[in-house]
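An overview of the molecular structure
Spelled out, the chains give:
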Amino acid sequence: MSDHRIVSLGDLARAYPNPVAPASVFKEIDHVDDNYAALIAASPFFVLATVGPEGLDCSPRGDLPGFVTVRDAKTLLIPDRKGNNRLDSLKNILFDDRIGMLFLIPGYGETLRVNGRAELSCDPGLCARFETAGKLPASVMIVHVKAVYFQCSRAVVRAELWNPERQVDKQTLPSPGTILRDITARNAAIEAFDGKAYDEALPSRVRATLY
């Protein structure tokens, strides 16, 4: 079995012998041009990847389209809205400012990838630019862009991601309350968790704490 493991660049080249498609190389640029800016403006959701002393993190970020602002061709501004306050991504950035971003646009097959370096700011004037529903973001992430490129649509097409007929009935999956109830039940040191009450309160709690 070990003979079939890929453990070197040579192994990788033999497993993937076809040459790199030219378009996959020259589509990558070191700034946000007008086309890539249009994709960012249309996206209501991206996934943020970071790394730090405590490990890796991959975190969702979402708001109305345009919530990520292109300040200039080399800089993005992203308000940090309310979350669970684990702050995994933000703590990672303090130790290692390298980030990766994957933008999705509902109904659009291609995704957009941005790599860069990030810093965090609590500047009152900057935060005020992103006031929503009378609430300010706790901070704003300033992304210094290093690479931007679109990812072809194969993964989205294979997944039928935007096909409404492929939407899953959430009643067929464990609810957040069920997951928390079952996990806490395995730990005698944690008080019994009322998963049903958690699920019943969750929709209104989410709406009340969006910003």
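Residues numbered from 1 in each chain as written. Predicted model: local features only at pLDDT ≥ 70, side-chain atom pairs only at ≥ 80, totals over all residues. Heavy atoms only, no water.

Side note on the overall build of the chain
Broken down by element type, the chain carries 8 helices and 7 strands. Dimensions of the chain, computed from C-alpha atoms along their principal axes, come out at roughly 55 × 55 × 40 Å. For the chain, with 211 residues in total, the buried portion stands at 29%. Partitioning the contacts of the chain with sequence separation of at least 6, the portion at a separation of at least 24 is 62%. Looking at charge distribution, the chain has the averaged site of its 25 positive side-chain charges lying 1 Å from that of its 26 negative ones. (Helix = DSSP H or I, 4+ residues; strand = E, 2+ residues; numbered from the N terminus. Buried < 20%, exposed > 50% of the residue type's maximum accessible area, 1.4 Å probe, protein only. Contact = heavy atoms within 4.5 Å. Lys, Arg positive; Asp, Glu negative; His and termini not counted. Charge placed at Lys NZ, Arg CZ, Asp CG, Glu CD.)

Some words on the pairing of strand β6 (residues 111–121)
Where strand β5 (residues 98–104) meets β6, 6 bridges bridge the pair, whose relative direction is antiparallel. Looking at β6, one finds that methionine 101 is bridged to valine 114. Hairpin connection, β5 to β6: the antiparallel pair is bridged by 6 residues, and glycine 107 has positive phi, about 85°. (Pairing = 2+ DSSP bridges.)

With respect to the side chain of threonine 111
The topology assignment puts threonine 111 in strand β6. We classify threonine 111 as buried; its relative accessible area is 11%. Those residues in contact with threonine 111 that sit more than four places away from it in its chain are Leu102, Phe103, Leu104, Tyr149, Phe150, Gln151 and Val156.

What about the pairing of strand β1 (residues 45–52)?
Two strands pair when backbone bridges link them, and β1 and strand β2 (residues 55–62) are joined in this way by 8 bridges, in the antiparallel orientation. When the sheet's bridge partners are listed, leucine 48 is paired in β2 with serine 59. In this structure, the hairpin formed by β1 and β2 is closed by a connection of 2 residues. Relative to β5, β1 is paired through 5 bridges, and the arrangement is antiparallel. Of the residues in β5, the one forming a bridge with phenylalanine 46 is phenylalanine 103.

Considerations on helix α8 (residues 195–208)
Given a rise of 1.5 Å per residue, 14 residues ought to cover 20 Å, and the 20 Å separating the end C-alpha atoms of α8 matches this to within 8%. Along α8, the helix axis deviates most sharply at leucine 202, where the bend reaches about 45°; the proline proline 203 sits within four residues downstream. For α8, the N-terminal cap is aspartate 194; the gap from its side-chain oxygen to the backbone nitrogen of lysine 196 is 3.3 Å. (Expected span 1.5 Å × (residues − 1). Bend = angle between axes of the 7 residues up to and from the residue. Polar contact = N/O pair within 3.5 Å; in protein donor to acceptor, adjacent residues only side chain to side chain.)

A short note on the environment of valine 156
With respect to the helices and strands, valine 156 occurs in helix α6 (residues 154–159). With a relative accessible area of 12%, valine 156 lands in the buried category. With sequence-adjacent residues up to four places away left out, valine 156 is seen in contact with Gly109, Thr111, Leu161 and Trp162.

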